[in-house]
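Results of the structural survey
Residues per chain, in single letters:
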Amino acid sequence: MTEPTPGPRPRPRPRAALAMAPDVASAVLDPESRAALGALCDLAPTVLDDFTTPAARAVLADTDLLVTGWGCPPLDDDVLRAAPRLRAVVHTAGSVRGHVTDACWDRGVEVSSAAAANAVPVAEYTLAMILLSGKRVLESAREYRATRARADWLHTPRTVGNHRRTVGILSASLIGRRVIDLLRPHDVDVLLHDPYVDEAEAARLGVRGVPLAELFRLSDTVSVHTPLLPETRGLVSRDLIDSMKPGAVLINTARGAVVDQDALTDAALAGRVRAVLDVTEPEVLPPGHPLWDCEHVLITPHLAGSQGNEWRRLADTAVLEAARWASGEGFQHPVRRERLAFLA
């Protein structure tokens, strides 16, 4: 009698752990999301935010997959020695630069990020601010509140409004590309500066690629989406800011240090430019900083990224990535070592 041919051996359930600040885990991963992870993996009950404790070392020794988030300590050589089975990292937020180290790449640990999911609310915030600032909504609301009277709308300057406004996008990052997509239905002209995007790709994106100086000189609104790297620190220089059109708007949802903040402060206080800043350098600005009270600047508390019900998008992305990895399918949103310099 012929013995039956054995079928494929079932994949063993991976062992997973959460590595992030405990309050981040509570906010981002609600009970339903944790249950979904638990259905895929043997999930350790402890949230790790310190890899040096004996309890953390015991968990790491048996972990195949780390689900990380804001507040995750660096995964350096010492941590990886304590985690000999670690094969993958699924990050529930955007950038992995703060915790995925060269040691991870050297070992060949697979890495995924929810950067694409986190790009959605940042791009939505940016679109809203482009349109609101073009219409000068905040200034009009402030004047209306002060005067309790409607301005003579038939004498509105022709610099107000969004028809054929020129919007400059600095960097075709995940967020920059999403902003470009969201701008498509609107009657605006979109310029792009990104040294890694050639003319053909710019055409596919539906934008016109221009040099950096031209982006600032021609745009009514410039939106910054470049990652903070040694070469991009202070990229938005005094010369670029001074070259902007009178009354033009600078929107920054990337990192505060990409912009020469002293130069922006001088230009905004002089009334030459306006600004919408969701990030500053430092965060938070000192209480006496002149930007707080500048009527030409709106500062928001780094709220463009995922918050509130938007955390569920991050959690769902992480669960789907963990499911793909556990099944052997591979990540949908992998992070490659060679692409780190291009990611915001």
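Per chain, residues are indexed from 1 in the order of the written sequence. A pLDDT threshold of at least 70 governs which residues receive local features in this predicted model, and a stricter bar of 80 or more applies before side-chain atom pairs are shown or counted, although totals over entire chains, interfaces and linings include all residues. Calculation of side-chain values draws on the structure's entire complement of heavy atoms; hydrogens and water are dropped beforehand.

Moving on: empty space enclosed by the protein. The distinction between a cavity and a pocket rests on a 1 Å grid over the protein atoms alone: a 1.4 Å probe fits inside a cavity but cannot get out, while a pocket stays open yet meets protein on both sides within 12 Å along at least five of seven lines, and a residue with an atom within 4 Å of a point counts as lining. Grid points are joined across faces, edges and corners, and a volume is the space filled by probe spheres set on the points. Counted according to the given criterion, the structure contains 1 cavity of 30 Å³ or more. Put simply, the largest cavity is a space of about 30 Å³. Amino acids are sorted into nonpolar (Ala, Val, Leu, Ile, Met, Phe, Trp, Tyr, Cys and Pro), charged (Asp, Glu, Lys and Arg) and polar (every other residue, Gly among them). Considered class by class, the residues forming the lining of the largest cavity number 4 nonpolar, 3 polar and no charged.

The next point concerns the sheet that holds strand β4 (residues 88-91). By the convention used here, strands pair only if DSSP detects at least 2 bridges between them. Runs of E in the DSSP output that reach at least two residues are strands. Runs of H or I that reach at least four are helices, and both are numbered from the N terminus. An order of β2-β1-β3-β4-β5 is seen for the 5 strands of this open sheet, with the pairing classed as parallel. Either end of the sheet is taken by a strand with one partner, and the two such strands are β2 (42-48) and β5 (110-113). Strand-to-strand twist across the sheet, computed as the mean angle between neighbouring axes with direction ignored, equals 20 degrees. For β4 and β5, the ladder comprises 4 bridges, and the chain directions are parallel. The residue bridging V89 from the neighbouring strand is V111, located in β5. In this analysis, axes come from line fits to C-alpha atoms, helices being fitted only over the stretch in contact, and the angle between any two N-to-C directions falls in the range 0 to 180 degrees.

All right, on to the packing of helix α6 (residues 115-134) against helix α8 (residues 174-183) then. For the pair α6 and α8, interaxial distance at closest approach is 8 Å and the crossing angle is 50 degrees. Viewed along their axes, α6 and α8 adopt a mutual orientation that is oblique. For the pair α6 and α8, the crossing hand works out as right-handed. Side by side, α6 and α8 meet where A115, A116, A119, V120, V122, A123, E124, T126, L127 and I130 of the first sit next to L174, I175, R178, V179, L182 and L183 of the second. Residues that form the contact of α6 with α8 fall into these classes: 13 nonpolar, 1 polar and 2 charged. Here is the rule for angles: anything less than 35 degrees is roughly parallel, anything more than 145 is roughly antiparallel, 65 through 115 is roughly perpendicular, and the remaining ranges are oblique. Left-handed describes a crossing whose near helix is turned anticlockwise from the far helix by less than a right angle; the clockwise case is right-handed. The criterion used for residue contact is that any of the two residues' heavy atoms lie within 4.5 Å.

Quick look at the pairing of strand β7 (residues 188-193) now. Partly exposed residues are those whose accessible area sits between 20% and 50% of the maximum for their type, while under 20% is buried and over 50% is exposed, using a 1.4 Å probe and protein chains only. Within β7, 5 of the 6 residues are buried, which leaves it mostly tucked inside the rest of the structure. Orienting the strands away from the viewer, one traces the path from the first strand over the helix to the second; a clockwise path indicates a right-handed crossover. In this view, the connection linking strand β6 (residues 165-170) to its parallel neighbour β7 by way of α8 has right-handed handedness. What joins β7 to strand β8 (residues 208-209) is helix α9 (residues 199-205), and the crossover it makes is right-handed.

On to α8. Within the sequence span of α8, burial applies to I175, G176, V179, I180 and L183. For α8, the arc enclosing every buried residue in end-on projection is 145 degrees, short of the 170-degree limit, so these residues lie on one face. Taken together, the buried residues of α8 touch α6, β6, β7 and α9. Working definition: the arc comes from the directions between the helix axis and the C-beta atoms, pointing outward to the latter.

The next thing to look at is the UniProt feature "domain: D-isomer specific 2-hydroxyacid dehydrogenase catalytic" (unreviewed entry) in the protein. UniProt positions are given in the numbering used here, feature names are shortened, and annotations may be inferred rather than shown by experiment. Here the UniProt-annotated "domain: D-isomer specific 2-hydroxyacid dehydrogenase catalytic" (unreviewed entry) positions come out as residues 63-329. When the span residues 63-329 is considered, its composition is 36% helix and 16% strand, and the gap between its end C-alpha atoms is 20 Å.

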